Each structure stands twice: as C-alpha cells, then as structure tokens.
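The residues making up each chain are set out below.
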Amino acid sequence: MNLKGNTVLITGGSMGIGLELAKEFLNLGNEVIICGRRKDRLEEVVKKNPDLKIIVCDVSNQKSRKELFDWTCSNFKNLNILINNAGVQRDIDFTNGIDEYLSGDNEILINFEAPVVLSGLFIPFLKDKKNSAIVNITSGLGFVPSAKMPVYGATKAGLHAFSMALRYQLSKTNIKIFEAIPPALETELNKEGRAKRGQFSFEFSVPGFISTLMDALQNDIYEIGYGYSEKFRTASREELDKSFQVMNSKM
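Each value, and the rule that gives it
Residues numbered from 1 in each chain as written. Predicted model: local features only at pLDDT ≥ 70, side-chain atom pairs only at ≥ 80, totals over all residues. Heavy atoms only, no water. Helix = DSSP H or I, 4+ residues; strand = E, 2+ residues; numbered from the N terminus. Rg over C-alpha atoms; globule rule 2.2 N^0.38 Å. Buried < 20%, exposed > 50% of the residue type's maximum accessible area, 1.4 Å probe, protein only. Contact = heavy atoms within 4.5 Å. Areas by Shrake-Rupley, 256 points an atom, 1.4 Å probe, with all protein chains shown as cover. Lys, Arg positive; Asp, Glu negative; His and termini not counted. Charge placed at Lys NZ, Arg CZ, Asp CG, Glu CD. Expected span 1.5 Å × (residues − 1). Arc of directions from axis to C-beta. Polar contact = N/O pair within 3.5 Å; in protein donor to acceptor, adjacent residues only side chain to side chain. Core = buried A, V, L, I, M, F, W, Y, C linked by side-chain atoms within 4.5 Å. Axes fitted to C-alpha atoms, helices over the stretch in contact; angles between N-to-C directions. Left-handed = near helix turned anticlockwise from the far one by under 90°. Nonpolar A, V, L, I, M, F, W, Y, C, P; charged D, E, K, R; others polar. Phe/Tyr/Trp six-rings, centres within 6.5 Å; stacked < 30°, edge-to-face > 60°. Patch = residues over 30% accessible without salt bridge, like charges linked within 9 Å, V, L, I, M, F, W, Y side chains within 5 Å. Salt bridge = Lys/Arg side-chain N within 4 Å of Asp/Glu carboxyl O. 1 Å grid on protein atoms, 1.4 Å probe; cavity = no way out; pocket = protein on both sides within 12 Å on 5 of 7 lines; lining within 4 Å. Points joined across faces, edges and corners; volume = space filled by probe spheres on them.

### With respect to the overall build of the protein
Across its full length, the protein holds 10 helices and 7 strands. Here the C-alpha atoms of the protein give a radius of gyration of 18 Å, agreeing with the 18 Å that 2.2 N^0.38 yields for 251 residues. Seen along its three principal axes, the alpha-carbon backbone of the protein occupies a region of about 50 × 40 × 30 Å. When burial is assessed residue by residue, the protein has 48% of its 251 residues classed as buried. Expressed as a percentage of contacts within the protein between residues at least 6 apart in sequence, the contacts between residues at least 24 apart total 67%. Counting every atom, the protein has about 12400 Å² of accessible surface; 52% of that belongs to carbon and sulfur. When the 31 basic and 30 acidic side-chain charges of the protein are each reduced to a single mean position, those positions are 3 Å apart.

Written out as structure tokens, the structure reads:
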C-alpha cells in the first residue's frame, strides 16, 4: 500500500487505535475522515487536529451507515481506503441469562455487521480507485477468546474469517484487504470491565502497534499481528487451546 496521497475513512476514529491511525495518515500527507457516535468528542479531536474531516455516525444503525456512505462518496470522490475500526467490548456472563447481553451496546452489530455492510457498500466505489484498500481491525481475542468477553471474541473471529474470504473474492480486483490484529492495548475499550479485573497496566502500547501496522501496510503484509496476537495468528490448534486454558484459568 502506498501510504501517501490517499483519502482515508476511519470508523471509530475519535479515540484509541482509530485516532492514532488518523493522525499517522494525516502526518503522511493523506486526506483523513473520521466518524464516531459522539459529536462533542469529534469536535474536541478536530480542535487539536484541524485538518481532519469529521462526521457523526452510529455504525450499529443501518440508516446511519448508508448516510455515511452517501455523504463520503459525495464529498470525497477520491476516497480509496476504508478502515473498519469502530468496536465495543463487554464483559457478559451468560450464566445469568440473556438480560446482561441485551442491556448494553450490541457487539455483533458494531464489531461484525457494520464492517460487513460498510465493505459491501464501498467496494463498488473503491473498485475504480488506485491504491484502494479495506483494513479490518480485529483482535488477538478472535484467535484465543476470553470467556469473560464471549461475544467480543466471536465477532472478531467472524471478522477474521470475513477478511480472509473477502481477500480471496477480490483477489482479481485492485482492492487489497488487510487485517490488523492488536493485542490488549491501553485504550478506552471496555474500561469498566478492565477496572473490575484490576487490569491497569499493559504490556504493549498503541504507538508500538501503529508503527508495526504502518510498516506492514506499506509492505503489503495482509495479516498483521503484534506481540502475543502475532503468536496467536500463527499458532497451531494445540498451542491455541493451551493459550485459551492459560488465559481463562483464573475465572
């Protein structure tokens, strides 16, 4: 992937990995659009990064997704890179029944359905663009799930499978499909659940992951892990099962 001279749309771009990616692409001379659910947060981000373009969008909502697609294609006709980054993570205990799952953000809609639908919307538009790409942000938990976050891991495993299949489908087009697979990083993702578990320190940093990701994108490496998520990506089934037991042994 050529990292300069692009027009890039990043979902969930007002914080965490999405925001750091937006700033990195901006610094390299790209036009960058970010979307998020909170107008106040987007406005705060653009005060510090005035060259960013922003739009409010709830990717869990089908109407909002279509509005994002229509607005972007109308206003940024050179758009050639879509980064499906928006995501939520929740601790859900199904031994208590279904109420806990139904009471919060829908991980399936945000983490899995949104990237699928947005990819389907944008692919016909991207086919005519040079250096076009879709980057899906998954997780090491899509390879070795945490039993505390069963739906999150399932959505990321699904997005991994979708990325593989889509890459094969589009192999004869000019659209490249990348999958970025971060480990646990210090972001606002599931801060409440992490606080309950006492997880206040992280082995890997967002800047370190972003640096690895950008290098891999430039070299057309289509699956990009970092730290233990890279080990998970290439592990045998036996190794994955062992990692699963270790990860979940304290439940």
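Having seen the model, we can carry on.
### Things to note about helix 3 (residues 62-75)
Helical geometry note: an α-helix holds 3.6 residues per turn, so side chains three or four residues apart project in the same direction. The terminal C-alpha atoms of helix 3 lie 20 Å apart, and with 14 residues this matches the ideal 20 Å at 1.5 Å per residue to within 8%. Within helix 3, burial applies to Ser64, Arg65, Leu68, Phe69, Thr72 and Cys73. Looking down the long axis of helix 3, one finds its buried residues gathered within 160° of arc, a one-sided arrangement. Against the buried residues of helix 3 lie strand 1 (7-11), strand 2 (31-36), strand 3 (53-56) and helix 5 (107-126). Between the side-chain oxygen at the start of helix 3 and the backbone nitrogen of Lys63 there is a gap of 3.0 Å, and the oxygen is on Asn61.

### Some thoughts on the nonpolar core
Formed by 33 residues in total, the largest nonpolar core has its most connected members in Leu21, Phe25, Ile83 and Leu217. Those elements that provide at least two residues to this core are strand 1, helix 1 (16-27), strand 2, helix 2 (39-48), strand 4 (81-84), strand 5 (133-137), strand 6 (176-181) and helix 8 (206-218). Of the residues forming this core, the biggest block, 7 residues, is contributed by helix 8. Beyond its immediate stretch of four places on either side in the chain, Phe25 contacts Leu3, Val8, Asn30, Val32, Ile83, Met214 and Leu217.

### Re the packing of helix 3 against helix 5
If you want to describe how two helices pack, look at the angle between their axes and the distance between the axes. In contact at an axis separation of 10 Å, helix 3 and helix 5 are set at 35° when each is read in the N-to-C sense. Read as a crossing pair, helix 3 and helix 5 show a hand that is right-handed. Contacts between helix 3 and helix 5 involve Gln62, Arg65, Lys66, Leu68, Phe69, Thr72 and Cys73 from the first element and Leu109, Glu113, Ala114, Val117, Leu118, Leu121, Phe122 and Phe125 from the second. Considered class by class, the residues forming the contact of helix 3 with helix 5 number 10 nonpolar, 2 polar and 3 charged.

### Regarding the packing of aromatic side chains
Tallied over the full model, the rule gives 6 aromatic pairs. Ring centres 5.0 Å apart and planes at 80° place the aromatic pair Phe69 and Phe122 in the edge-to-face group. Of this pair, Phe69 sits in helix 3 while Phe122 sits in helix 5, and the two are 53 residues apart along the sequence. For Phe122, a relative accessible area of 0% translates into the label buried. Ring centres of Tyr228 and Phe232 lie 5.3 Å apart, and the angle between their planes is 50°; this geometry places the pair in the tilted category.

### Remarks on a nonpolar patch on the surface
Residues Phe94, Ile98 and Leu102 make up a contiguous nonpolar surface patch of roughly 300 Å² in combined accessible area. Within the secondary structure, Phe94 sits in the loop between strand 4 and helix 4 (99-102).

### Quick word on the environment of Leu3
Relative to the helices and strands, Leu3 is located in the segment before strand 1. Spatially, the C-alpha atom of Leu3 lies 7.8 Å from that of Leu217, the residues being 214 residues apart in sequence. Ignoring sequence-local partners within four residues, the contact set of Leu3 consists of Phe25, Leu28, Asn30, Met214, Leu217 and Gln218.

### Points about the pattern of salt bridges
Scanning all chains against the criterion turns up 11 salt bridges. Two residues, Glu113 and Arg65, come together in a salt bridge whose shortest N-O distance is 3.0 Å. Of the two residues, Glu113 sits in helix 5 while Arg65 sits in helix 3, which places them 48 residues apart along the sequence. Arg65 sits in the buried class, given a relative accessible area of 0%. A salt bridge links Lys66 to Asp70, with the nearest nitrogen and oxygen atoms 3.0 Å apart.

### Some thoughts on empty space enclosed by the protein
Gaps between atoms show up when a probe of the same size as a water molecule is rolled over them. In this structure the tally under the stated criterion is 1 cavity of 30 Å³ or more. By volume, the largest cavity amounts to about 30 Å³. Taken together, Thr11, Val59, Asn84, Asn85, Ala86, Ile110, Ala114, Pro115 and Leu118 make up the lining of the largest cavity. Among the elements that take part in the lining of the largest cavity, helix 5 stands out by supplying 4 residues, more than any other.

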